[in-house]
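Below, each chain spelled out in residue letters.
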Amino acid sequence: MSQKVTITIDGRAYEVEAGENILQICLDRGLLIPHFCYHEALGPVGACRLCAASIAPSADKPGRLDMTCMTRAADGMVININDDYARAFRKKVIEDLMLNHPHDCPVCDEGGECMLQNMTVLSEHQHRSTRFPKRTWENQYLGPFIHHEMNRCITCYRCTRFYGDYALGRDLGAFGSRNRVYFGRVRDGVLESEFSGNLVDVCPTGVFTDKRFREVYARPWDLSTARSVCVHCSVGCTVLPGFRHGTLRRIKPAENSAVNRFFICDRGRFGGEYVNHPSRLRSGRLEGQVIDPEEVADAVIGRLKAIVAEHGPQSVAALGSSRASLEANAALGILLAALGSQTIAFFASDAERAAARRAAAITVSGQVRVASLPDMEKADCVFVAGGDLTAEAAMMDLSIRQAIRAGAPVFILSPRAGSLDQYARMSLRVRPGTEAAMLSQIADSSAPVGTEAQAFVTAARQALADSKHPLVLASAMRGDTALVEAAFEFTRRTTTEGRVCSLAYWFSGPNAAGVALANGDSPPSAVWDGIRDNRIKALIVLERDLSRDFSSENEFAAALKNIRFLAVIDSIETATTTAANAVIPCVSHYQSSGTFMNFEGRCQRFAGLHIPGPVTRTNSELLIRMIEALGEGDRIAGAEYSTAYDISADSSLELDALEPDHVGVRVRLGSHLQPPSVAPANPPTASSPLQFALWRTHFLFGSEELSMLAPPIAELSPKPWVEMHPEDARHRRLTEGATADLTKELGVSGPLRLNDRLARHVVAVPVLAVPCAERSREREEVMA
Amino acid sequence: MSERILLKNIDTTRPGPPCSYDRYVKGGGYEGARAALRMTPLEVQQVVKDSGLRGRGGAGFPTGLKWSFVPMDFKGQKYLICNCDEMEPGTFKDRALIYNDPHQLIEGMIIAAYAMQMTKGFIFIRYEYRKGAESVNHAIAIAEKNGWLGRNIQGSGFDFHLETHLSAGRYICGEETALINSLEGRRANPRSKPPFPQTKGFLGQPTIVNNVETLCCLPHILARGASWFKSIGTEGSSGTKIVGASGRVRRPGLWELPMGVPMRTVLEEYAGGPAREHGFKAVIPGGLSTPMMTPDQFDTPLDFDSVAKAGSRLGTACLIVFDEGDCMVNVTENIIRFYARESCGFCTPCREGIPYIHDIVKAIRDGAGCEGDLPTLDEMAKHIMHTFCAFAPGAQGPFLSAITKFRHEFENYLRAGAPAAATPAAGRQS
Amino acid sequence: MTTIPDLLRKELSDHCAHYASRRVGLIWVLQKLQAHFGGYLPDEAITLAAEIVGIPEPDVEGVATFYNWLFREPVGRRIIVVCDSISCHLCGCDSIVARIQKRLGIGMGETTPDGEFTLLPVVCLGNCDKAPTMMIGDELYDCLTPDKVDEILDSIYASAKAGGR
């Protein structure tokens with residue numbers, strides 16, 4: 001148990017935890033001790049020797065110079081940061097580092113947010129006296145994200161400690177020795193880690209800098225920034241986008257102790273450039289005519305009113321979005337209600353909706369412990385089921401890596417190995433749809449086990465039996481309600497005396513959990529059936545590319561055939577906006593304010609930046625304008641707006657109380673909202689093992705539509721392929737590189753790749769969010 | 001000359017063939033181990049404590065006390081490591097021990113391993129001693145054949161598996177935590193303490209690292225008793241010490257002498273006095289990393305406490321001797337170059353500071369010194385005391401004493417430039 | 001991509017397997033690979049070692065570039081290391097180095113054009129009572145004088161010519 005002790009720092013007494021790190025104690029209390037190698041997430045190593053202070057075990061003993069990062073608080077300890085000898089020593093350490101550091105501050109990319117600059121000023125080193133030549137290095141090509149400039153290195157080892165020790169990356173190292181230590185890859189090449197961008201932040205100087213930011217460089221103090229929430233997956237990391245001259249220049253993580261803490265993944269950091277993509281919508285369109293966005297909004301209302309007048313209110317439907325805020329989706333619902341209709345859907349399919357609604361309901365139900373990212377780091381045994389965690393919720397993966405570092409075994413149930421599998425205790429390659437059954441077998445030790453899974457289940461059961469804080473992570477983005485249910489059951493069953501199992505689901509978008517909790521939404525089939533049966537004539541779509549919900553462009557075109565009027569609000573050009581009668585452009589996510597609910601039911605406010613440009617309205621503003629144009633503006637004021645999703649009705653959540661720098665609030669639903677009833681577990685989709693099952697593989701780079709518009713992400717996205725287990729390919733007499741035509745069986749074809757870390761009898765294809773512009777260009781090329 | 005104990009089978013003037021098993025046993029070899037195996041492990045530890053044995057690797061930490069930090073109730077694997085990474089400039093005692101009498105070391109390791117119930121051991125040998133490693137490997141095989149290593153040693157029920165590890169070469173490997181990292185196949189950066197190796201060392205298991213000479217004392221202590229050992233040497237430093245002398249003496253060499261022998265006796269009687277017409281100017285007493293002593297201190301007895309009292313350290317007790325013909329600026333340049341080259345590169349003052357010192361000293365030596373260089377060197381000498389491990393403080397020993405005790409020589413260089421004679425031969429790289 | 005004989009690969013792998021952690025075998029593996037590849041570790045040796053030991057390549061490279069006796073660049077058939085630490089410095093190692101350099105026509109850290117010798121400095125060889133001292137290959141030479149250096153090199157060249165390489 002923690003024990004309070006009293007220590008004295010620069011003459012003032014502080015009560016602190018015994019054993020706490022002295023440097024952290026000081027930093028937490030605003031007592032700035034210069035330091036480099038220490039990082040709250042990476043811990044102390046004592047390499048830079050900068051954080052020296054005079055430390056005495058008690059007031060009657062003389063103080064000795066020691067490193068505060070390597071000292072733990074003990075009762076009576078006396079620390080003097082301002083001790084003359086300590087100050088002189090720190091100054092000298094900076095002088096040491098400056099012996100070889102280039103004097104390129106005025107042109108250095110790091111200038112203005114350089115820790116070395118700050119620490120130099122803080123340490124009062126001003127005069128450089130060395131007259132000897134400085135060491136120089138050759139730099140490496142490290143891929144599209146990171147620029148390398150070794151001459152600036154001060155050898156604090158933060159990069160390898162983050163990259164290798166913390167994020168378990170395997171391609172960055174420290175080479176050489178004495179005053180010739182080099183940090184880089186064994187040979188030039190793209191950094192493999194999904195978290196490589198954090199090197200930019202952990203490096204205290206400009207050795208690793210953001211390559212994109214550096215290309216059109218701006219000084220950090222010239223950037224307009226506002227705390228936002230990442231838009232590229234359901235984890236909801238807090239980020240700090242920076243704009244200058246109307247374009248987004250970079251994204252950095254912002255500290256959020258309850259979510260991502262210090263770091264973000266490379267999709268989050270480098271995906272934001274979609275904001276600058278040429279296909280961003282810059283003007284409104286109405287039946288091919290380019291007009292002012294607000295004029296389009298007004299015209300849309302006119303058309304919708306006319307359709308309602310002609311065919312009745314039920315002839316209008318809406319499709320909301322998991323990448324738009326709660327407020328925007330709420331406004332869409334209100335607009336629809338103002339028109340007299342209730343048909344609003346949020347998901348790609350009924351199955352995805354069912355799974356997401358069940359998962360979200362469980363998440364906020366309070367019936368089981370739901371793990372946040374910091375909670376995940378403390379798990380002592382982890383089960384991941386139903387997908388590639390690294391690709392689909394990367395920062396969860398980084399938290400699991402912390403659990404792994406602390407010794408937690410990880411067991412993965414998925415059809416195809418992903419990045420996390422290399423650190424897992426064991427992985428079982430399963431057919432899609434069978435994860436639920438396997439998870440149940442692990443939890444129920446009396447259940448019989450098939451021979452193939454014997455070793456896996458036995459090991460998993462043993463690890464579970466040995467654990468005190470197991471954790472289950474399951475996908476809620478693939479429409480597998482049985483898996484959602486099985487993970488819930490697993491959590492309940494394995495929470496026993498002395499063991500608390502926790503749970504988390506990951507979803508398909510940054511606000512998928514939020515829209516999954518919507519009351520009175522419809523299954524998507526209600527919308528598509530209505531269109532097919534000519535009952536629905538007009539469709540309003542919010543920030544959503546419907547073409548991604550269909551397996552082919554023909555199917556998509558067929559589904560839209562009967563629509564009389566399609567209006568889309570979005571910030572980017574998509575296949576849907578291209579097909580729309582009316583396009584109302586809104587600003588990008590990072591220019592919008594609103595609320596997202598992340599995977600754990602945490603509502604996080606984000607602040608938008610007002611950036612001058614042809615489009616200035618947010619999606620919510622446009623929708624509110626449309627509601628007002630209907631003369632129904634009253635619906636916006638008051639309760640209806642904020643309770644559109646019923647999330648605040650019986651919870652402590654008051655959205656307006658959330659400040660942008662808040663860590664967010666986790667929603668708990670009251671008894672009034674029963675978890676949506678769930679259909680009995682759906683049977684595995686491909687029951688005959690002889691049939692091939694299709695596995696759509698998500699990638700961190702390439703599968704998410706917004707980030708795919710960022711050039712460095714697109715550069716790293718996979719090319720289309722079809723993957724098979726080598727044995728399966730052998731049976732089919734297919735070899736690597738041959739064209740695998742499975743159009744009849746699975747509707748896919750392409751060049752074959754062999755992958756022995758893919759389940760048998762499964763065919764994998766990448767989910768590729770090919771930008772609209774490229775798709776049409778490809779089409780033109782094919783036609784030509 | 002007093003009784004040769006550790007060196008009784010060794011001709012220090014010529015490396016001969018290593019002492020054979022038969023000869024070793026005939027001379028009373030393995031009796032210490034036999035005695036130890038008849039005792040309980042804790043009794044063996046007590047004997048070593050009572051003997052007053054202090055580590056011969058340089059630090060002089062009481063061996064029995066160091067051992068007592070190893071948890072005896074620990075169930076998992078514990079490791080014993082012999083540090084034979086003898087790379088301390090001016091030190092050449094362990095070479096004699098492992099090349100010439102490997103069984104003595106093996107016996108010492110058996111005793112230590114038994115005392116702490118360590119069933120696996122390594123002898124970490126520097127690469128340049130690879131021929132010595134061969135004789136050790138040969139001796140290990142013989143010892144195994146004779147039931148002294150492997151399973152159930154001499155029917156005692158105690159297992160001890162011993163092997164050699166040939167280092168890839170780096171001075172810092174002599175630091176025990178760096179050595180452990182190196183043995184684990186890592187870069188030899190020192191580790192932070194705590195945790196100490198005794199509780200969390202090699203592969204995270206309890207580990208003891210002892211110097212060759214320390215381990216070689218054990219067979220004799222166990223065979224002849226703690227009080228016998230304690231009767232040799234001084235109150236605070238019992239036993240004999242292998243003392244060496246190199247540099248400007250007439251007869252450089254190694255001698256086993258009781259702790260506390262006056263430095264002057266070694267210099268004059270054993271090493272035969274000055275090698276050249278010049279008188280002695282200074283001595284670095286314990287391998288390079290100890291402060292210089294001047295002729296007025298030559299009556300200092302060579303034991304841990306007396307040398308410490310004289311402001312230096314006994315270290316390895318291998319004296320490096322300078323005479324009046326030696327230019328201390330040139331000497332300092334050589335000394336500091338060694339440290340700059342062998343720094344592991346982990347912490348700032350050592351990695352950056354020592355090469356900076358070297359740049360300055362070299363500039364002074366080459367006649368390119370500047371006003372302000374000496375105060376800078378003074379500051380740097382203080383500065384490098386606060387490093388991660390003892391490497392840079394080790395460098396500070398000879399460096400600070402040189403710029404303090406022979407400051408006038410540096411001042412002369414700064415005033416008059418480099419004298420032609422002191423400039424090193426052309427073509428030398430540094 | 002160079003490969004190594006299966007027998008060697010097995011020997012290396014078995015050696016690693018004998019430790020509680022395979023990584024303990026890394027330096028031994030690198031020493032063996034260095035011998036196999038003619039005295040140094042080409043890039044493929046780093047890849048091989050990583051594969052055999054089962055650790056990331058940068059960890060291998062970090063070790064291969066840290067130690068004095070692991071070489072990442074080609075070296076001569078025999079490596080001459082001359083001790084330049086304090087006792088040998090006092091006893092004239094500079095003149096030994098100068099003679100070797102003059103005789104072989106190479107500087108410190110260089111290899112003779114015929115690929116016979118590479119000249120390097122070395123940390124104290126622990127032979128201080130017989131300074132100055134050097135090693136050529138596995139052999140230790142002590143109490144050196146510049147003329148003795150000539151004799152030693154002569155005899156090595158002579159035996160190399162006689163096929164005793």
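Computed from a prediction, not measured in an experiment: that's the story for all the values here.

What counts and how
Residues numbered from 1 in each chain as written. Chains lettered and ligands numbered in written order. Predicted model: local features only at pLDDT ≥ 70, side-chain atom pairs only at ≥ 80, totals over all residues. Heavy atoms only, no water. Helix = DSSP H or I, 4+ residues; strand = E, 2+ residues; numbered from the N terminus. Rg over C-alpha atoms; globule rule 2.2 N^0.38 Å. Buried < 20%, exposed > 50% of the residue type's maximum accessible area, 1.4 Å probe, protein only. Lys, Arg positive; Asp, Glu negative; His and termini not counted. Charge placed at Lys NZ, Arg CZ, Asp CG, Glu CD. Pairing = 2+ DSSP bridges. Phe/Tyr/Trp six-rings, centres within 6.5 Å; stacked < 30°, edge-to-face > 60°. pLDDT = per-residue confidence, 0-100. Contact = heavy atoms within 4.5 Å. Buried area = accessible area lost by both parts, 1.4 Å probe. Salt bridge = Lys/Arg side-chain N within 4 Å of Asp/Glu carboxyl O. Polar contact = N/O pair within 3.5 Å; in protein donor to acceptor, adjacent residues only side chain to side chain. Axes fitted to C-alpha atoms, helices over the stretch in contact; angles between N-to-C directions.

1. Some words on the overall build of chain B
Counting secondary structure elements, chain B contains 17 helices and ten strands. Its C-alpha atoms give chain B a radius of gyration of 22 Å, near enough to 22 Å, the size a compact globule of 430 residues would have. When its C-alpha atoms are laid out on the principal axes, chain B stretches across 75 × 45 × 40 Å. Here chain B, with 430 residues, has 64% of them falling under the buried criterion. Put simply, chain B has 48 plus and 45 minus side-chain charges, and the middle of one group is 4 Å from the middle of the other.

2. Side note on the pairing of strand β5 (residues 240–247) of chain B
All names here are of chain B. With eight of eight residues buried, β5 lies mostly within the body of the structure. Burial along β5 is two-sided: the face carrying Thr 240, Ile 242, Gly 244 and Ser 246 and the face carrying Lys 241, Val 243, Ala 245 and Gly 247 are both buried. Two elements, β5 and strand β6 (residues 253–258), share six bridges in a ladder whose sense is antiparallel. Within β6, the position partnered with Lys 241 by the bridge is Leu 257. Linking β5 to β6, which pair antiparallel, is a turn of five residues. In this sheet, strand β10 (residues 318–323) lies alongside β5 in parallel orientation, the contact comprising four bridges. Of the residues in β10, the one forming a bridge with Gly 244 is Cys 318.

3. Describing the packing of aromatic side chains
Residues and elements named next belong to chain A. Considering all chains together, one arrives at 41 aromatic pairs over all chains under this definition. Ring centres of Phe 162 and Tyr 166 lie 5.7 Å apart, and the angle between their planes is 25 degrees; on these two criteria the pair is classed as stacked. On the criterion of helical spacing, the pair formed by Phe 162 and Tyr 166 is a turn pair, its members being four residues apart in helix α4 (residues 158–166). Tyr 166 shares its class with Phe 162; the two are buried. With a centroid separation of 5.8 Å and an interplanar angle of 85 degrees, the aromatic rings of Phe 411 and Phe 456 are classed as edge-to-face.

4. Let's talk about the confidence of the model for chain B
Residue and element names in this part refer to chain B. Chain-level pLDDT for chain B is 94 on average; 97% of the residues reach the 70-or-more range. Considering only residues more than four positions removed or in separate chains, one finds that residues 422–430, a stretch of pLDDT under 50, has 20 contacts. Scored as a complex, the prediction yields pTM 0.94 and ipTM 0.96.

5. Points about the interface of chain C and chain B
Contacts between chain C and chain B engage 43 residues on the former and 62 residues on the latter. Between chain C and chain B, the buried area comes to about 4200 Å², and carbon and sulfur atoms account for 54% of it. At the boundary of chain C with chain B, the tally comes to four salt bridges. Between B:Lys131 and C:Glu139 there is a salt bridge, and its shortest N-O distance comes to 2.7 Å. In this assembly, chain C and chain B are joined by 29 residue pairs in polar contact (both at pLDDT 80 or more). Mapped onto the side of chain C that touches chain B, the elements with two or more residues apiece are α2 (26–36), α4 (57–64), α5 (86–90), α6 (93–104), β2 (117–122) and β4 (139–141) of chain C.

6. Here's the deal with the sheet that holds β6(B)
Residue and element names in this part refer to chain B. Overall, mixed pairing links the four strands, which are arranged β6-β5-β10-β8 in an open sheet. Only two strands of the sheet have a single neighbouring strand rather than two, namely β6 and β8 (280–284). Sheet twist, expressed as the average angle between the axes of neighbouring strands with direction ignored, equals 30 degrees. Where helix α5 (residues 93–100) meets the sheet, its contacts fall on β5, β6 and β10, and the angle it forms with β5 comes to roughly 115 degrees.

7. Re the sheet that holds strand β3 (residues 161–166) of chain B
Residues and elements named next belong to chain B. On the basis of which strands lie adjacent, the open sheet formed by four strands has the order β3-β2-β1-β4 and parallel pairing. Bordering the open sheet on either side are β3 and β4 (207–211), each of which pairs with just one other strand. Across the sheet, the mean angle from the axis of one strand to that of its neighbour is 20 degrees, orientation sign disregarded. Taken together, the five bridges between strand β1 (residues 79–84) and β4 define a ladder with parallel strand orientation. Bridge pairing in β4 places Leu 80 opposite Ile 208. Strand contacts of helix α6 (residues 102–116): β1, β2 (120–125), β3 and β4, with the helix running at about 145 degrees to β1, the strand carrying the most contacts. Across the sheet, helix α9 (residues 212–224) touches β1 and β4, and the angle it forms with β4 is around 90 degrees.

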